[in-house]
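Per-entry structural report
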Amino acid sequence: MAKPAQEASQEVQAVPEEVDDNLTLFEAYINESSTASEILAMEKTYLKAVREEMLTNKLRFDYATELIKSAVHGDIRKGLVILEDLSIIHPQGNREYFFYLSLGYARLKEYSNALLCLKSFSLTAPENKQLVEWKEYLEARMKREATIGLAVTTGSALLICGIVGLGLSFLRMRR
């Protein structure tokens, strides 16, 4: 039986709470996590159904969503693969599948992939208020992550320039 990887370096980091009350539901979705024992219990049920050739779409979906709620990136990716396969073989459930695909990618901070999943989801319910709010939330997260990345890059560049400038001034003083 496959066990979820427990490498600390691959765990999803907790996301700080947003100030806006409308976003707390989405934060809860992203921060919700399954314990290793919950995942192992579901995996045991899933593998038993595979062995007995009794695997249903509902069981696939339940196992995939349990994996997506894991704190381990490898488990989340495994859940995404199952859901992608499920969306092909059982298109009737695509609304739920695309939401959980989007959630899985958001938990991995792959916001552009999460938004791509929502495009497919929005074809079936373009006026869905929750869908629109989830999309806006993901876009805000993506923008925030990009801003943080830009700040870190700019700070690093300034630090390097400062060190080079200090080194050059030190060389001039020695001459």
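Right, let's walk through the structure included here.

Here we come to the pattern of salt bridges. Tallied over the entire structure, the rule returns four salt bridges. Measuring nitrogen to oxygen at the nearest pair gives 3.7 Å for the salt bridge that ties Lys 69 to Glu 32. Here Glu 32 lies in the loop between α1 (24-31) and α2 (36-51) and Lys 69 lies in the loop between α3 (57-68) and α4 (73-89), a separation of 37 residues in the sequence. The closest approach of N and O atoms between Glu 43 and Lys 78, which form a salt bridge, is 3.2 Å. Taken as a pair, Glu 43 in helix α2 and Lys 78 in helix α4 lie far apart in primary sequence, 35 residues in all.

On to the nonpolar core. Counting 34 residues, the largest nonpolar core has Leu 80, Leu 83, Ala 106, Trp 134 and Leu 138 as its most contacted members. Elements with a contribution of two residues or more to this core: α1, α2, α3, α4, α5 (94-107), α6 (111-124) and α7 (129-174). The residues touching Leu 83, leaving out its near neighbours within four places in the chain, are Phe 61, Ala 64, Ile 68, Tyr 97, Tyr 100 and Leu 101.

On to the packing of aromatic side chains, then. As enumerated under the stated definition, the model contains four aromatic pairs in all. Note on Phe 61 and Tyr 97: the rings are 5.7 Å apart at their centroids and 45° apart in plane angle, and the pair reads as tilted. One end of the pair, Phe 61, is in helix α3; the other, Tyr 97, is in helix α5, with 36 residues separating them in the sequence. Judged by its relative accessible area of 4%, Tyr 97 falls in the buried class. Relative to Tyr 100, the ring of Phe 61 has its centre 5.5 Å away and its plane inclined at 85°; by these criteria the two rings are edge-to-face. You can see Phe 61 sitting in helix α3 and its partner Tyr 100 sitting in helix α5, a full 39 residues away along the chain. Among the aromatic side chains, those forming a connected cluster through ring pairs are Phe 61, Tyr 97, Phe 99 and Tyr 100.

Cut-offs used in this document
- The residue count restarts for each chain, going from 1 along the sequence in the order it is written.
- This being a predicted model, a pLDDT of at least 70 is required before a residue's local features are given, and a value of 80 or more before pairs of side-chain atoms are given or counted; all residues contribute to the totals for chains, interfaces and linings.
- Neither water nor hydrogens contribute to the side-chain values; these are computed over all heavy atoms in the structure.
- By convention in these notes, a salt bridge is any Lys or Arg side-chain nitrogen within 4 Å of a carboxyl oxygen on Asp or Glu.
- Under the DSSP-based scheme used, a helix requires at least four consecutive residues in state H or I and a strand at least two consecutive residues in state E, with every element numbered from the N terminus.
- In this description, a nonpolar core means a group of buried Ala, Val, Leu, Ile, Met, Phe, Trp, Tyr and Cys residues linked to one another through side-chain atoms lying within 4.5 Å.
- When accessible area is computed with a 1.4 Å probe and restricted to protein chains, residues below 20% of their type maximum are described as buried, those above 50% as exposed, and intermediate ones as partly exposed.
- Contacts are assigned to residue pairs with any non-hydrogen atoms lying within 4.5 Å of each other.
- Aromatic rings from Phe, Tyr and Trp, with only the six-membered ring used for Trp, were paired whenever their centres fell within 6.5 Å, and each pair was classed as stacked if the ring planes differed by under 30 degrees, edge-to-face if by over 60, and tilted otherwise.

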